[in-house]
Amino acid sequence: MPETGRGPRRPVGSTDVARLAGVSQKTVSRVINGEPNVRDNLRERVLQAARELGYRPNTAARALIKGRFHRIGVVTLGSTLYGPASTLVALERAARSTGYSLSIVCTLEGEPGGINAAIDSLIGQGVDGIVLSEPIDEGQDVAFDPDVPVVSFNQLPQPCADKGMFVGGDGVAAARVATEHLLSLGHPTVWHVAGPERWWVSRDRLAGWRKALAAAGVPEPPVLHGDWYPASGYAAGLELVAAGGVSAVFVANDDMAIGVMRALAEAGLRVPEDVSIVGFDDTPSAAYLVPPLTTIRGDFEGSAVRGLRLLVERIEGVTGTPVPQEPPIELIVRGSTAPPRESR
């Protein structure tokens, strides 16, 4: 069994066989399922690699050639964070009307080969399609080439970028809306507390913030980074207090915005009288903060419905249906934003 870099060894999967044999995962699947149209030399390479690694395919994988499982696999980050958790709940609700059940595999942030292992597990169980709700860029660690349709709520990994489907909101445009709201109030610039650098949504929101500042011709302050949790927002808030002269902040999620607001309050700065703040997600608590938080509303339910619809249509060979339209960006203006003090 291959080493994962830490913790117990994971079972050998078809991606390991493909890597050793120097072929695609689809070729491994064809060989294991006894399909024709595989060159003899490739078949032997795959079988030899499987013998060397001790690979034992799940019997469900063989059933793929006989019909559908009416089951969709979901790869998601094992996290209680609002975004991933809300997406998973929305997927479960949306699946009820499709006639397909969900099989869910959770990954751990920073786990070597985590997505590959999750895909192997789902293929072994038998699924007709896969939803990637994996929010982190795993870079070169992602090496799967599934032979079932794939839909992703974040950027598609390179191996399936050409045949997979992307469904999700425009995070860049949403971040521009949040930043432009603060600029329209008269703030000379907007600071940004970003999420972790490996998260796709963090990169999108950072890019949108930068585009808004560049379009307005205003200076770009240093970027502060957090980990999505309130404690990291609090730490970033202390840095903002130390920097001085900050009048507006776009925070990449609501939980970190809560931490920023706490740090500002401890320093004697009032929101929005001294500093305006915009968050992202519109968590259930955002409307009940003091003051209520201005934020971008996340469309988790809509993305889940659109994603599963596209995936089921691809599985069942349905063509010609209209492409689901992305909903408009919703900026929920509440009490945490106002013109800067000097303009009032």
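The model shown is predicted, which means the values in this text are computed figures rather than measured ones.

Cut-offs and rules
Residues numbered from 1 in each chain as written. Predicted model: local features only at pLDDT ≥ 70, side-chain atom pairs only at ≥ 80, totals over all residues. Heavy atoms only, no water. Pairing = 2+ DSSP bridges. Helix = DSSP H or I, 4+ residues; strand = E, 2+ residues; numbered from the N terminus. Buried < 20%, exposed > 50% of the residue type's maximum accessible area, 1.4 Å probe, protein only. Axes fitted to C-alpha atoms, helices over the stretch in contact; angles between N-to-C directions. Parallel < 35°, antiparallel > 145°, perpendicular 65-115°, else oblique. Left-handed = near helix turned anticlockwise from the far one by under 90°. Contact = heavy atoms within 4.5 Å. Nonpolar A, V, L, I, M, F, W, Y, C, P; charged D, E, K, R; others polar. pLDDT = per-residue confidence, 0-100. Core = buried A, V, L, I, M, F, W, Y, C linked by side-chain atoms within 4.5 Å.

The next subject is the sheet that holds strand β2 (residues 101–107). If you trace the 5 strands from one edge of the open sheet to the other, you get β2-β1-β3-β4-β5, paired in parallel fashion. The sheet terminates laterally at β2 and β5 (165–166), the two strands that pair on one side only. Pairing geometry for strand β3 (residues 129–133) and strand β4 (residues 150–152), over 3 bridges, is parallel. Bridging from a neighbouring strand, Val131 pairs with Val151 of β4.

Attention shifts here to the sheet that holds strand β9 (residues 276–281). Pairing is mixed across the open sheet formed by 6 strands, whose spatial order is β7-β6-β8-β9-β10-β11. Either end of the sheet is taken by a strand with one partner, and the two such strands are β7 (224–225) and β11 (331–332). Of the pairings in the sheet, the one linking strand β6 (residues 191–194) to β7 comprises 2 bridges and is parallel in character. Bridged to Val193 within β7 is Leu224.

So, about unusual backbone geometry. Trans peptide bonds make up most of the peptide bonds, and negative phi angles are found at most residues other than glycine. Between Val271 and the following residue, Pro272, the backbone shows a cis peptide bond with an omega angle of 5°. Positionally, Pro272 belongs in the loop between α10 (254–266) and β9. Going from Val290 to Pro291, the amide bond is cis rather than trans, its omega being 0°. Unusually for a residue other than glycine, His70 sits at a positive phi of about 55°. Checked against the element boundaries, His70 lands in the loop between α4 (59–62) and β1 (71–77). In this structure His70 comes out as partly exposed when scored by relative accessible area, which is 39%. Phi angles above zero are rare outside glycine, and Trp228 is one such case at about 85°.

This brings us to the packing of helix α1 (residues 14–21) against helix α3 (residues 40–53). Here α1 crosses α3 at 120°, and the two axes come no closer than 9 Å. Of the possible angle classes, the one that applies to α1 and α3 is oblique. For the element pair α1 and α3, the recorded crossing hand is right-handed. Touching Asp16, Val17, Leu20 and Ala21 of α1 are Arg45, Val46, Ala49, Ala50, Glu52 and Leu53, all from α3. For the contact of α1 with α3, a count of residues per class yields 7 nonpolar, no polar and 3 charged.

Now for the confidence of the model for the protein. Put simply, the protein has an average pLDDT of 86, and 85% of its residues get 70 or more. In this model, residues 61–66 is a region of pLDDT below 50 whose contacts with residues beyond four sequence positions or in other chains number 11 contacts.

All right, on to the packing of helix α7 (residues 171–184) against helix α8 (residues 200–216) then. Between α7 and α8, whose axes approach to 7 Å, the crossing angle comes to 45°. The angle between α7 and α8 places the two elements in the oblique class. Judged by the sense of rotation from one axis to the other, the crossing of α7 with α8 is right-handed. The segment α7 lies against α8, with Gly171, Val172, Ala175, Arg176, Thr179, Glu180 and Leu183 engaging Asp204, Arg205, Ala207, Gly208, Trp209, Lys211, Ala212, Leu213, Ala215 and Ala216. A breakdown of the residues in the contact of α7 with α8 according to their chemical character gives 9 nonpolar, 3 polar and 5 charged.

The subject of this paragraph is the nonpolar core. Membership of the largest hydrophobic core comes to 24 residues, with the highest contact counts inside it found for Val193, Leu240, Val249, Val251, Val260 and Ile277. The biggest single contributor to this core is α10, with 5 residues. If we ignore the near neighbours within four places in the chain, the residues touching Val251 are Val193, Met256, Ala257, Val260, Ile277, Val278, Gly279 and Phe280.

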